[in-house]
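Descriptive analysis of the structure
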Amino acid sequence: MRALTVVPNRPGSLRIDDVPDPVPGPNELLVDGISLGICGTDREIASGIYGWAPPGRERLVLGHESLGRVRTAPDGSGFAPGDLVVGIVRRPDPVPCGACAHGEFDMCRNGEYVERGIKQIDGYGSTSWVVDADYTVKLDPALTEVGVLMEPTTVLAKAWDQIEKINTRAWFEPKSVLVTGAGPIGLLAAMLGVQRGLDVHVLDRSTEGPKPKLVEDLGATFHTGSALDVGEKIDADIVIEATAATTIAQQLLQLNNPGVIICLTGVSSPGKDTEVDVGAVNRNMVLDNAVVFGSVNANRHHYELAAQALAKADPAWLGRLITRRLPLERALEAFDPGDHSDIKVVIDLGAS
């Protein structure tokens, strides 16, 4: 079969390879790959920043944003040939730590977890793959063209799940949500807010192109300008930051809205100096009972929440988030240098 492989920590090693066909184990599904989403994590691994090959191997099959169709499934697995599925990315550590032992392997406490296409397990960037039935989630058949958005949706499903858990600390009836960033992650965050019946506002620097219309068609309000000004103007109860821009994060830390919950989902680059009045930030957070937290990755529960959210969404609207599709043989084009923050590239793997 054909696969997208890389030597982790070796820039320029990305290529399309012939690799052995996968052989399913006793509790594994054999899946024909439909498509693969490419994100910043994949580009960082391809550029040699990090990544870990399987033990005893030099090359790693890249890719964690999966979508495929079951070819074979073991009896009693709950899956059948033809099912539309995605594979969960992370696996718990073998010790396991307390979080992994409770099924919350996205919150692993000792760092011994492994991840498909990232850390020590081959990913989903191949024309077929195997996956343990316990780490597979079924999707609505109507999502064949857009189900590859499942993994990024899980990140936001987790963010919202954590926000709602924080809400239980006291009476809280949120009305207004600010999402900073109208790339794929920000738009999915906004979609989940709209599905909750909240007044959603999306901030982005772009005034042209598809973003304003995508926000409008979602039923949200589009803004440009200062995150701090917009957040105070709409009296945001919840903020989801999806740009990874340090200037935006700095503005949000100055937000003076009582009880505000701020979730950071963007991973900023280190080494950029910013002037922050730590005393003012501390004062605001204490006096306003504010919460700022980060969120990444997802466990099975979040995958199930994401599957439900995608099933309720408009497939045509979701399809507009995918701005470029490439066949597997042209996959390397998805890793060209440049700003990919507003672009969702999907690799077609052959199945349908």
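Preceding block: the structure.
Just so it is clear, the model here is predicted, and its values are computed rather than measured.

Here the focus is the packing of helix H4 (residues 184-195) against helix H9 (residues 300-312). Following both chains from N to C, one finds H4 and H9 inclined at 80°, their axes separated by 11 Å at the closest point. By the criterion of interaxial angle, the relationship of H4 to H9 is roughly perpendicular. Taken together, the residues of H9 that come into contact with H4 (itself represented by Met191, Leu192 and Gln195) are Ala309, Leu310 and Lys312. In terms of residue class, the contact of H4 with H9 is built from 4 nonpolar, 1 polar and 1 charged.

Where helix H3 (residues 150-167) meets H9, the closest approach of the two axes is 8 Å, and the angle between their N-to-C directions is 110°. Judged by the inter-axis angle, H3 sits roughly perpendicular to H9. On the side of H3, the interface is formed by Met150, Glu151, Thr153, Thr154, Ala157, Lys158 and Asp161, while H9 contributes His301, His302, Tyr303, Leu305, Ala306, Ala307 and Leu310. Here the residues of the contact of H3 with H9 sort into 7 nonpolar, 4 polar and 3 charged.

In terms of nonpolar packing, the biggest core is built from 89 residues, with Leu4, Met150, Met191, Ile240, Leu318 and Ile347 touching the most fellow members. If you tally residues by element for this core, the top one is H3, at 8 residues. Setting aside chain neighbours within four positions, we find Met191 in contact with Leu218, Ala309, Leu310, Ala313, Trp317 and Leu318. Core analysis: the next-biggest nonpolar cluster, separate from the first, contains 14 residues, Ala227, Val239, Ile248 and Leu252 among them.

Counted according to the given criterion, the structure contains 21 salt bridges. Of the charged contacts, one joins Arg2 and Glu329 as a salt bridge, the two residues approaching to 3.1 Å between their closest N and O atoms. Taken together, the residues span a long stretch of sequence, with Arg2 in strand E1 (residues 2-6) and Glu329 in the loop between strand E18 (324-327) and strand E19 (345-348) at a distance of 327 residues. Between Asp106 and Lys158 there is a salt bridge, with the nearest N and O atoms lying 2.9 Å from each other. Of this pair, Asp106 sits in the loop between helix H2 (98-101) and strand E8 (114-116) while Lys158 sits in helix H3, and the two are 52 residues apart along the sequence. An identical accessibility class is assigned to Asp106 and Lys158; each is buried. A single network of salt bridges, built from pairs that share partners, joins Arg2, Asp18 and Glu329.

Cut-offs and rules
By convention here, each chain's residues receive numbers from 1 onward along its written sequence. Given that the model is predicted, a residue must reach a pLDDT of at least 70 before its local features are reported, and side-chain atom pairs must reach 80 or more before they are shown or counted; all residues, however, enter totals for whole chains, interfaces and linings. The side-chain quantities take in all heavy atoms of the structure and omit both hydrogens and water. Every angle, taken between N-to-C directions, lies between 0 and 180 degrees, and every axis is a line fitted to C-alpha atoms, over only the stretch in contact when it is a helix. A run of H or I in DSSP counts as a helix once it spans at least four residues, and a run of E counts as a strand once it spans at least two, with each numbered from the N terminus. Orientation labels follow simple angle bins: below 35 degrees gives roughly parallel, above 145 gives roughly antiparallel, 65 to 115 gives roughly perpendicular, and whatever is left gives oblique. Should any heavy atoms of two residues lie within 4.5 Å, those residues are counted as being in contact. Residues are grouped as follows: Ala, Val, Leu, Ile, Met, Phe, Trp, Tyr, Cys and Pro are nonpolar; Asp, Glu, Lys and Arg are charged; all remaining types, including Gly, are polar. To qualify as a nonpolar core, a set must consist of buried Ala, Val, Leu, Ile, Met, Phe, Trp, Tyr and Cys residues joined through side-chain atoms within 4.5 Å. Relative accessibility decides the category of a residue: with a 1.4 Å probe and only protein chains considered, values under 20% of the type maximum give buried, values over 50% give exposed, and everything between is partly exposed. For this document, the term salt bridge refers to a Lys or Arg side-chain nitrogen within 4 Å of an Asp or Glu carboxyl oxygen.

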